[in-house]
Amino acid sequence: MKEEKEDKLFRWLVEKLPAGVIAFDGDNAVIYANTAACEIFGRGADDFALHGMAGIFEDSDPAVDVKELLAGGEKRIELRLKDGRWLSVDTAPYGADGLGSILIVSDVTAFRRLEEMKASFLTDSLHLIRTPLTTVSSALSLVMSGRGGTLPAKAAELVAVSASETRRLSVLLDALKELLMLESGLIDKDIIIEPVEICGLIGKVCKDAIRTDPSVEKAIVCRPPEKPVRVRADRERLRWVLSELLANGTRYLRDGGKIYIEADERGDNVALSVRDEGHGMSEDEITRVFDRGFRGANPENRRTGGAGLGLYVVKGLIARMGGDVNIDSATGVGSTMEIILPKG
């Protein structure tokens, strides 16, 4: 009698939950779906029992295989349905020896839209900051070129420092903008995947780096492919990624070291690599280098500053383009950042 009352109380509580709860047996057949789950997915409890999860996550982003999702133990993912709604999905096994699994689903569309609005406001604000910053940067470049007359040595030194800090702030603004778009999901509406010719892009990245900081001209070795090669990517974001990797590599070069930017075909993919003869990283640093906010232990980090966002954003952008980023590094030898993208 007591167990029956507890069972009724449990079912009543689950029915009153705002989150959808779907229970599966050991064969992944649906044995229970509460009212919230029926409302979220627009089907009745009998339909769940008859058809299971068939058609539920079709065309979702990312694509989800329910069997694989349930087999993975406890996990949480967020996905977007083809009707535009965002769902937060938690899975957990229950019972012993694979008795079954539970799927807990929450509609987080309103939260996501609020995040998008916030990110949109902040990216617009960053754009407004960038406009006067670009003007200041251009003015400093003109002064440094001598067009305004010859500066006293001390004044020239101050202008050079100001120009360097202005460039660093500009890079930080770009990283913040892409970070906001990645974490809010706005990137999915803004990214443009198209065939991008690599030879010209690598050449432009190298020229831009030298124009920004002429002192690195002798260090940069540009090695574009011998024949035209295309990848599928967002042109401007791939340019930013390569520029970020090149700037990151030149920042930590050893005296007299070189940095190489090159590309080669690998089957259906293209590998873009930025290899530096720098200080390198330890095995522990390699495992964390793409974490948000991570900055290595090298003393050079304290001198050059930075927020530890660049490589985190690089990883996220390349993933959105359908690619991957790998790193190979050794202390005292240098690092190689390798981007793998599908051919265009």
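Our structure is the block above this text.
Residues numbered from 1 in each chain as written. Predicted model: local features only at pLDDT ≥ 70, side-chain atom pairs only at ≥ 80, totals over all residues. Heavy atoms only, no water.

**Things to note about the overall build of the chain**
Part 1: Along the backbone of the chain there are 12 helices and 12 strands.
Part 2: Considered along the principal axes of its C-alpha atoms, the chain spans approximately 95 × 40 × 40 Å.
Part 3: Scored against the burial criterion, the 344 residues of the chain give a buried share of 39%.
Part 4: Sequence-distant contacts in the chain: of pairs separated by 6 or more residues, those separated by 24 or more amount to 57%.
Part 5: Roughly 19,500 Å² of accessible area belongs to the chain as shown, and the carbon and sulfur atoms make up 54% of that amount.
Part 6: Charged side chains in the chain number 46 positive and 55 negative. The centres of these two groups are separated by 6 Å. (Helix = DSSP H or I, 4+ residues; strand = E, 2+ residues; numbered from the N terminus. Buried < 20%, exposed > 50% of the residue type's maximum accessible area, 1.4 Å probe, protein only. Contact = heavy atoms within 4.5 Å. Areas by Shrake-Rupley, 256 points an atom, 1.4 Å probe, with all protein chains shown as cover. Lys, Arg positive; Asp, Glu negative; His and termini not counted. Charge placed at Lys NZ, Arg CZ, Asp CG, Glu CD.)

**Quick word on a nonpolar patch on the surface**
Part 1: A surface patch of nonpolar side chains, amounting to about 330 Å² of accessible area, comprises Leu 9, Trp 12 and Leu 13.
Part 2: Considering the arrangement of structural elements, one finds Leu 13 in helix α1 (residues 2–16).
Part 3: Relative accessible area serves as the criterion here: at 44%, Leu 13 is assigned to the partly exposed category. (Patch = residues over 30% accessible without salt bridge, like charges linked within 9 Å, V, L, I, M, F, W, Y side chains within 5 Å. Salt bridge = Lys/Arg side-chain N within 4 Å of Asp/Glu carboxyl O.)

**Observations regarding the pairing of strand β10 (residues 269–276)**
Note on strand geometry: in a regular strand, side chains alternate between the two faces of the sheet.
Part 1: Counting buried positions along β10 gives six out of eight residues, so the element sits mostly inside the fold.
Part 2: In terms of strand pairing, strand β9 (residues 259–266) meets β10 through eight bridges, oriented antiparallel. Across the sheet, Glu 262 pairs through a bridge with Ser 273, a residue of β10.
Part 3: In textbook terms, the turn of a hairpin is the stretch between consecutive antiparallel strands, and for β9 and β10 this stretch comprises two residues, one of which, Gly 267, has a positive phi near 65 degrees. (Pairing = 2+ DSSP bridges.)

**Topic: the pattern of salt bridges**
Part 1: As enumerated under the stated definition, the model contains 25 salt bridges in all.
Part 2: Measuring nitrogen to oxygen at the nearest pair gives 2.9 Å for the salt bridge that ties Arg 292 to Glu 183. Highlighted residues: Arg 292 in the loop between α10 (283–288) and α11 (300–304) and Glu 183 in helix α6 (residues 153–184), separated in sequence by 109 residues.
Part 3: A salt bridge links Asp 188 to Arg 320; the nearest nitrogen and oxygen atoms lie 3.1 Å apart. Here Arg 320 lies in helix α12 (residues 310–320) and Asp 188 lies in helix α7 (residues 187–190), a separation of 132 residues in the sequence.
Part 4: What makes Asp 188 partly exposed here is its relative accessible area of 26%.
Part 5: In this structure Arg 320 comes out as partly exposed when scored by relative accessible area, which is 35%.

**Observations concerning the nonpolar core**
Part 1: Within the largest apolar cluster, 48 residues are counted, with the highest numbers of intra-cluster contacts made by Leu 238, Leu 272, Ile 318, Ile 339 and Leu 341.
Part 2: The leading source of residues in this core is helix α9 (residues 235–251), at six residues.
Part 3: The residues touching Leu 341, leaving out its near neighbours within four places in the chain, are Val 231, Arg 232, Ala 233, Leu 238, Asn 269, Val 270, Leu 272, Ile 318, Met 321 and Gly 323.
Part 4: The next biggest cluster of nonpolar side chains, apart from the first, holds 22 residues, and it includes Ile 40, Met 53, Val 66 and Leu 103. (Core = buried A, V, L, I, M, F, W, Y, C linked by side-chain atoms within 4.5 Å.)

**Overview of α12**
Part 1: Taken together, the buried positions of α12 are occupied by Gly 310, Leu 311, Val 313, Val 314, Gly 316, Leu 317 and Ile 318.
Part 2: Its buried side turned inward, α12 meets α6, α7, α9, β11 (324–330) and β12 (334–342).
Part 3: Once α12 finishes, Gly 322 follows within two positions and takes phi at roughly 85 degrees, a positive value.

**Quick look at the packing of aromatic side chains**
Part 1: Applying the stated criterion across every chain yields a total of one aromatic pair.
Part 2: Between Phe 41 and Phe 48, the ring centres sit 6.2 Å apart and the planes meet at 80 degrees, which makes this aromatic pair edge-to-face.
Part 3: Across the ring face of Trp 86, the terminal group of Arg 112 is positioned such that the distance to the ring centre comes to 3.8 Å.
Part 4: Sitting over the face of the ring of Tyr 260, Arg 275 holds its NZ or CZ atom 4.2 Å from the ring centroid. (Phe/Tyr/Trp six-rings, centres within 6.5 Å; stacked < 30°, edge-to-face > 60°. Lys NZ or Arg CZ within 6 Å of the ring centre and 35° of its normal.)

**Things to note about the sheet that holds strand β4 (residues 86–94)**
Part 1: Sheet architecture is open: five strands sit in the order β2-β1-β5-β4-β3, paired in antiparallel fashion. Looking at strand neighbours, the two that pair on one side only are β2 (30–33) and β3 (75–80), the edges of this open sheet. In this sheet, neighbouring strand axes are inclined to one another by 20 degrees on average, regardless of whether the strands run parallel or antiparallel.
Part 2: Alignment of β4 against strand β5 (residues 100–107), held across eight bridges, turns out to be antiparallel. Paired with Leu 87 across the strands is Asp 107, a residue of β5. (Axes fitted to C-alpha atoms, helices over the stretch in contact; angles between N-to-C directions.)

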